[in-house]
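# Structure assessment
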Amino acid sequence: MKFINHCLPLLSLMILGSCNVKKTELSSSLKNSYKNDFYIGTALSADQIEEKDAKVDSLICRQFNAITAENIMKSMFVHPQKDKYDFALTDKFVAFGEKNKMFIHGHTLIWHSQLAPWMEKIKDSTEMKAFMNDHITTIVSKYKGRINSWDVVNEALNDDGTLRKSVFLNTLGESYLADAFKLAAKADPKVDLYYNDYNLEDPAKREGAINLIKKIKAAGGKVDGIGSQGHWNLNSPSLEEIEKSILAYSALGVKVAFTELDITVLPNPWDLKGADVNQKFEGNPKMNPYPETLPDSIQNKLAQRYADIFKLFLKHKDKISRVTFWGVHDGQSWLNDWPIKGRTNYPLLFDTKLQPKKAYNSVMQLKEVKE
Ligand code: G3I
């Protein structure tokens, strides 16, 4: 213990500008504090995958032991034309995770959004079947044994729990769901396969998700986990609904992961929840109340909200495989541009200057109390 305290300043100096896992092993961090509980992940932008900023790079390596690509694995980037894949950045992403001994999560194989233009034109079941077969088999086989888990299907549900009328449902009917999981399992029998969605704590959508997992399993699909994205706000969903969901999903015999966690602190007059990326709204100054800095009162609320959530996660750590934040720091968050472009949001644990916020301390303190 003495050695650790004595060496901490030296260690932090050594960490700056480097991404050496050994040097970060002794330092105080999310990944070290939670190492016996669940993986602590982050989503990486293309620049972060390319290690363009040494300070961001060292923060990623110091704090997180799991990674997801925020965008570059989506079909429009990785499969831009029918007969052309582009693995330049996905290769770098996987190499980054391997170099730093991180858990590597693939996001995402079958999603109605961010499709390449050629895919949007597919209208019949034969062509769509061929697309799914080729897309899933090619990508999952390529990273067989190197990627640890996949979001096989993303956001297949409407908020009322019914199936979204996506291009996949429209051309193939609901059998596309089980087929996607079967194809992924065939390409890499050992990789963990997840269904991923937002608003999964709402009772109606929860019921829909439970039915969906049951149906996929009944049809012979292998589902290892359910990913709740966790795009939440300061008041909702309630801790009660989050807990009910963890229990309900775990009762299906699958792992529960929180895959895209962030907490918006900005006003939302349309009572918008979740993450339907097609919704866009006009902005006005009232909708961007903290353009320079977040007031202490809200900073404290955010810290308390994160503490409450992580306390619940710890209570159910036996059921939770991974908690991944949707971004490394506030400056990177998609919530600065959604649902209104150009706002300043504060949803993560590190600020735009890469400094830990009160919310970081509150998450860390949950572990310090016990040790
Ligand atoms: O790459 C272009 C860049 O060239 C251009 O200058 C810039 C101008 O706005 O746009 C850039 O593309 C943006 C891209 O993110 C990369 O930053 C797109 O406009 C923007 O729409 C896209 O948003 C992403 C969104 O998915 C799109 O669906 C967000 O970064 C990403 O965080 C978000 O992630 C989704 C998950 O995959 C699924 N769950 C919901 C979650 C939040 O929407």
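Parameters and conventions
Residues numbered from 1 in each chain as written. Predicted model: local features only at pLDDT ≥ 70, side-chain atom pairs only at ≥ 80, totals over all residues. Heavy atoms only, no water. UniProt positions renumbered as here; feature names shortened; annotations may be inferred. Core = buried A, V, L, I, M, F, W, Y, C linked by side-chain atoms within 4.5 Å. Buried < 20%, exposed > 50% of the residue type's maximum accessible area, 1.4 Å probe, protein only. Contact = heavy atoms within 4.5 Å. Helix = DSSP H or I, 4+ residues; strand = E, 2+ residues; numbered from the N terminus. Pairing = 2+ DSSP bridges. Right-handed = clockwise from strand over helix to strand, strands pointing away. Near = heavy atom within 4 Å. Polar contact = N/O pair within 3.5 Å; in protein donor to acceptor, adjacent residues only side chain to side chain. Areas by Shrake-Rupley, 256 points an atom, 1.4 Å probe, with all protein chains shown as cover. Nonpolar A, V, L, I, M, F, W, Y, C, P; charged D, E, K, R; others polar.

The chain is annotated in an unreviewed UniProt entry as Beta-xylanase of Flavobacterium hibernum. The record held by UniProt for the chain lists under Catalytic activity (unreviewed entry) the comment "Endohydrolysis of (1->4)-beta-D-xylosidic linkages in xylans."

## Concerning the nonpolar core
Core analysis: the largest hydrophobic core is formed by 104 residues, its most contacted members being Phe310 and Phe313. Excluding its chain neighbours within four sequence positions, the residues that come into contact with phenylalanine 313 are Phe38, Trp232, Ile246, Phe258, Leu261, Ile320 and Val323. Among the nonpolar cores identified, the runner-up in size contains five residues, and Ala43, Trp326, Leu335 and Trp338 belong to it.

## Things to note about the pairing of strand β8 (residues 255-264)
Burial within β8 is extensive, with nine of its ten residues counted as buried. In terms of strand pairing, strand β7 (residues 231-233) meets β8 through three bridges, oriented parallel. Bridged to asparagine 233 within β8 is threonine 264. Following the backbone out of β7, through helix α13 (residues 239-250) and into the adjacent parallel β8, one traces a crossover that is right-handed. Strand direction decides the pairing type here: β8 and strand β9 (residues 320-325), joined by four bridges, are parallel. The residue of β9 that forms the bridge with leucine 261 is phenylalanine 325.

## Points about the site of the ligand
Neighbouring residues of the ligand: 16 residues in total, closest Glu70, Lys74, His107, Glu260 and Trp326. Residue lysine 74 places a side-chain N or O atom 2.6 Å away from an oxygen atom belonging to the ligand. Side-chain polar atom of histidine 107 to an oxygen atom of the ligand: 2.7 Å apart, as the coordinates give it. For the ligand, the accessible surface in isolation is 790 Å², of which the surrounding protein chains cover 54%. Split into classes, the residues belonging to the shell around the ligand amount to five nonpolar, six polar and five charged.

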